[in-house]
Amino acid sequence: MSETTERIKCLIIGSGPAGYTAAIYAARADLNPVMYTGLEPGGQLTTTTEVDNFPGYPEGVDGPAMMVDLQKQAERFGTQVRMGMVTEVEFSKEVGGVHKVCVDNSTWLEAETVIISTGATAKYLGLPSEQRLRGGGVSACAVCDGFFYKGQDVAIVGGGDTAAEEATYLANICTKVTMLVRKDEMRASKAMQHRVMNTKNIDLRYNTEVDEVLGDQVVEGLRMVNNQTGEKEEIKITGLFIAIGHKPNTEIFKGQLDMDSTGYLITKGKSTKTNIPGVFASGDVQDKEYRQAITAAGTGCMAALDAERYLATIESSEEVTAK
Ligand code: NDP
């Protein structure tokens, strides 16, 4: 490991709503936060068009514009926002220990506290037609984008709890929801399965996959294929929702932070504390259930407050020792 070049009081990794909210609170608490944005500055919201469900924007707000506003707000209180990717970490297990963080495989920094808000990445099927129409009717978030398909026919792919929940959510808004499950059973909990099966306007198709998303500029239809019989069928839809899971961005923390079997960081009780003193996690990287901008922002605020309290406890114990 090379020499460290800088000592930071509060280092924030990731620049989604969780990271920026943590930055706003940490900066106002004089923790002089430094944020590294990661490869996708602004996070998942920069891939969304309209955000209609974030409180305080009665007319809705453009996702990327909202992230620019959040950055300005964090900078107004003194946050240093830096482009760069944290590529390696060496966390200290000691209370009051200094954490070492490497940026862009080259520069090592020291941090007294670290707030992780690296988010999660939605999985996609990987079909060329799906990738081409992302933002043109293909979405990975029904709660974010479902409203735009009010009164229309849509389809959803996936058989887990997210797909089941989002299918019933869409069924409330849309005329018809075709649900494609690749196996002959759903992975979702029994309760969620019952909800899907008892919703009249969900057309549940087992053993069914997407063959191609149809449409030039926007989604106009879907060609489905039955993976048992090979039979293909085309339906008209205006929106396709992919709900096949998310991958938390936690690769660099493996072996150091406690994670569940799918890689989500585990936080203690109602706090944002990880198993390492002085390291906190907020936003989608520790939340596979709610995954909303507003809930991410809420936990970002919590992480900054937890970091502030942690530093205050250490400073007061250092004062006691010094006396
Ligand atoms: P899951 O990993 O549980 O489910 C993913 C689903 O997508 C599975 O049905 C899987 O099929 C399917 N799938 C994966 N890849 C493909 C593909 N290439 N083509 C077609 N289908 C595919 O993810 P979820 O996001 O649903 O849930 C993640 C976790 O969050 C779970 O633990 C879940 O219980 C939890 N959760 C809980 C909620 C709640 O309690 N309210 C709400 C939402 C999530 P297959 O089964 O064949 O692998």
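Conventions and cut-offs
Residues numbered from 1 in each chain as written. Predicted model: local features only at pLDDT ≥ 70, side-chain atom pairs only at ≥ 80, totals over all residues. Heavy atoms only, no water. UniProt positions renumbered as here; feature names shortened; annotations may be inferred. Helix = DSSP H or I, 4+ residues; strand = E, 2+ residues; numbered from the N terminus. Rg over C-alpha atoms; globule rule 2.2 N^0.38 Å. Buried < 20%, exposed > 50% of the residue type's maximum accessible area, 1.4 Å probe, protein only. Areas by Shrake-Rupley, 256 points an atom, 1.4 Å probe, with all protein chains shown as cover. Lys, Arg positive; Asp, Glu negative; His and termini not counted. Charge placed at Lys NZ, Arg CZ, Asp CG, Glu CD. Pairing = 2+ DSSP bridges. Axes fitted to C-alpha atoms, helices over the stretch in contact; angles between N-to-C directions. Disulfide = S-S within 2.5 Å. Arc of directions from axis to C-beta. Contact = heavy atoms within 4.5 Å. Domains from an automatic or database assignment. Buried area = accessible area lost by both parts, 1.4 Å probe. Salt bridge = Lys/Arg side-chain N within 4 Å of Asp/Glu carboxyl O. Polar contact = N/O pair within 3.5 Å; in protein donor to acceptor, adjacent residues only side chain to side chain. Nonpolar A, V, L, I, M, F, W, Y, C, P; charged D, E, K, R; others polar. Right-handed = clockwise from strand over helix to strand, strands pointing away. Patch = residues over 30% accessible without salt bridge, like charges linked within 9 Å, V, L, I, M, F, W, Y side chains within 5 Å.

The protein appears in an unreviewed UniProt entry as Thioredoxin reductase from Salinimicrobium catena. Word for word, the UniProt comment on the protein under Subunit (unreviewed entry) is "Homodimer." The annotation that UniProt attaches to the protein under Catalytic activity (unreviewed entry) is "[thioredoxin]-dithiol + NADP(+) = [thioredoxin]-disulfide + NADPH + H(+)".

Asker: Even after reading the chapter, I still don't get the overall build of the protein, so can you show me in this structure?
Answerer: What the protein contains, in helices and strands, is 7 helices and 19 strands. On C-alpha atoms alone, the protein measures out to a radius of gyration of 22 Å, which is about the 20 Å that the 2.2 N^0.38 rule sets for 323 residues. Looking at the 323 residues of the protein, the share that counts as buried comes to 49%. Approximately 16,000 Å² of the protein is accessible, and the part contributed by carbon and sulfur atoms is 49%. A gap of 4 Å separates the mean positions of the 32 positive and 44 negative side-chain charges of the protein.

Asker: What is the right way to read the sheet that holds strand 10 (residues 138-139) from this model?
Answerer: Strand pairing in a sheet is mediated by backbone hydrogen bonds. Such pairs are either parallel or antiparallel. The parallel open sheet is built from 5 strands, whose spatial order is 10-17-11-12-13. If you trace the sheet from one side to the other, it starts and ends with strand 10 and strand 13 (202-205), each paired once. Where strand 11 (residues 153-157) and strand 12 (residues 176-180) come together, 5 bridges link them in parallel fashion. Of the residues in strand 12, the one forming a bridge with valine 154 is valine 177.

Asker: Sorry if this is basic, but what is going on with the sheet that holds strand 16 (residues 232-236) here?
Answerer: The 3 strands are arranged 14-15-16 in an open sheet whose pairing can be described as antiparallel. Two strands in the sheet have a free side with no partner beyond their single neighbour: strand 14 (208-214) and strand 16. With strand direction ignored, the average angle separating the axes of adjacent strands in the sheet is 25 degrees. For strand 14 and strand 15 (residues 221-226), the ladder comprises 6 bridges, and the chain directions are antiparallel. Across the sheet, threonine 208 pairs through a bridge with asparagine 226, a residue of strand 15.

Asker: Would you mind showing me how to read the state of the cysteines here?
Answerer: Covalently bonding the sulfur atom of one cysteine to the sulfur atom of another cysteine gives a disulfide. Applying the stated criterion across every chain yields a total of 1 disulfide. Each sulfur of the disulfide joining cysteine 141 and cysteine 144 lies 2.1 Å from the other. Here the S-S torsion is close to 75 degrees, and the disulfide linking cysteine 141 with cysteine 144 is therefore right-handed. Judged by relative accessible area, cysteine 141 falls into the buried class, the value being 15%. Summary of cysteine pairing: cysteine 10 is not part of a disulfide, and the nearest cysteine sulfur, belonging to cysteine 301, is at 13 Å. Under the relative-accessibility criterion, cysteine 10 is labelled buried at 0%. Not engaged in a disulfide, the cysteine cysteine 102 finds its nearest cysteine sulfur in cysteine 10; these two sulfurs lie 19 Å apart. With a relative accessible area of 2%, cysteine 102 lands in the buried category.

Asker: What is the right way to look at helix 6 (residues 190-197) in this model?
Answerer: Working note: α-helix, 3.6 residues per turn, so residues spaced by three or four point in the same direction. Three or more residues of helix 6 are buried, namely Met192, Gln193 and Val196. Projected onto a plane normal to the axis of helix 6, the buried residues spread over an arc of 105 degrees and lie on a single side. Structural note: helix 6 exposes Lys190 and Ala191 on the side pointing more than 90 degrees away from its buried face. Contacts made by the buried residues of helix 6 are with helix 5 (161-173), strand 12 and strand 13.

Asker: Sorry, what's going on with the domain arrangement of the protein here?
Answerer: Quoted interface sizes are often the accessible area lost when the parts come together. When its domains are assigned, the protein resolves into domain 1 (7-121 + 246-322) and domain 2 (124-242). Taking only C-alpha atoms, the centre of domain 1 and the centre of domain 2 are 33 Å apart. Carbon and sulfur atoms make up 46% of the surface buried where domain 1 meets domain 2, a total of about 600 Å² over both sides. Looking only at domain 1, the three residues that lose the most surface to domain 2 are Asp52, Arg291 and Gln292, adding up to 43% of its buried area. If you look at where domain 1 meets domain 2, you find 0 salt bridges. Across the domain 1-domain 2 interface, the total number found is 1 residue pair in polar contact (both at pLDDT 80 or more). Residues that form the side of domain 1 that touches domain 2 fall into these classes: no nonpolar, 3 polar and 3 charged.

Asker: Would you take a moment to explain the pairing of strand 11 for this structure?
Answerer: Along any regular strand the residues' side chains alternate between the sheet's two faces. With 4 of its 5 residues buried, strand 11 lies for the most part within the structure. The handedness of the strand 11 to strand 12 crossover, carried by helix 5, is right-handed. One ladder, built from 4 bridges, connects strand 11 with strand 17 (residues 239-242); its direction is parallel. In the strand pairing of strand 17, valine 154 is matched with glycine 239.

Asker: Is there a simple way to think about a positive patch on the surface in this case?
Answerer: A contiguous patch of positive charge, built from Lys123, Arg182, Lys183 and Arg187, is present on the exposed surface. In this fold, lysine 123 is placed in the loop between strand 9 (120-122) and helix 3 (128-132). Assessed through its relative accessible area of 39%, lysine 123 is described here as partly exposed.

Asker: Explanation requested: the side chain of threonine 113 in the structure shown.
Answerer: Assignment of secondary structure puts threonine 113 in strand 8 (residues 107-116). A polar contact of 2.7 Å, which involves the side chain of threonine 113, links it to the backbone oxygen of lysine 9. Look past the residues within four positions of threonine 113 in its chain and what remains in contact with it is Lys9, Cys10, Leu11, Gly278, Phe280, Ala307, Tyr310 and Leu311.

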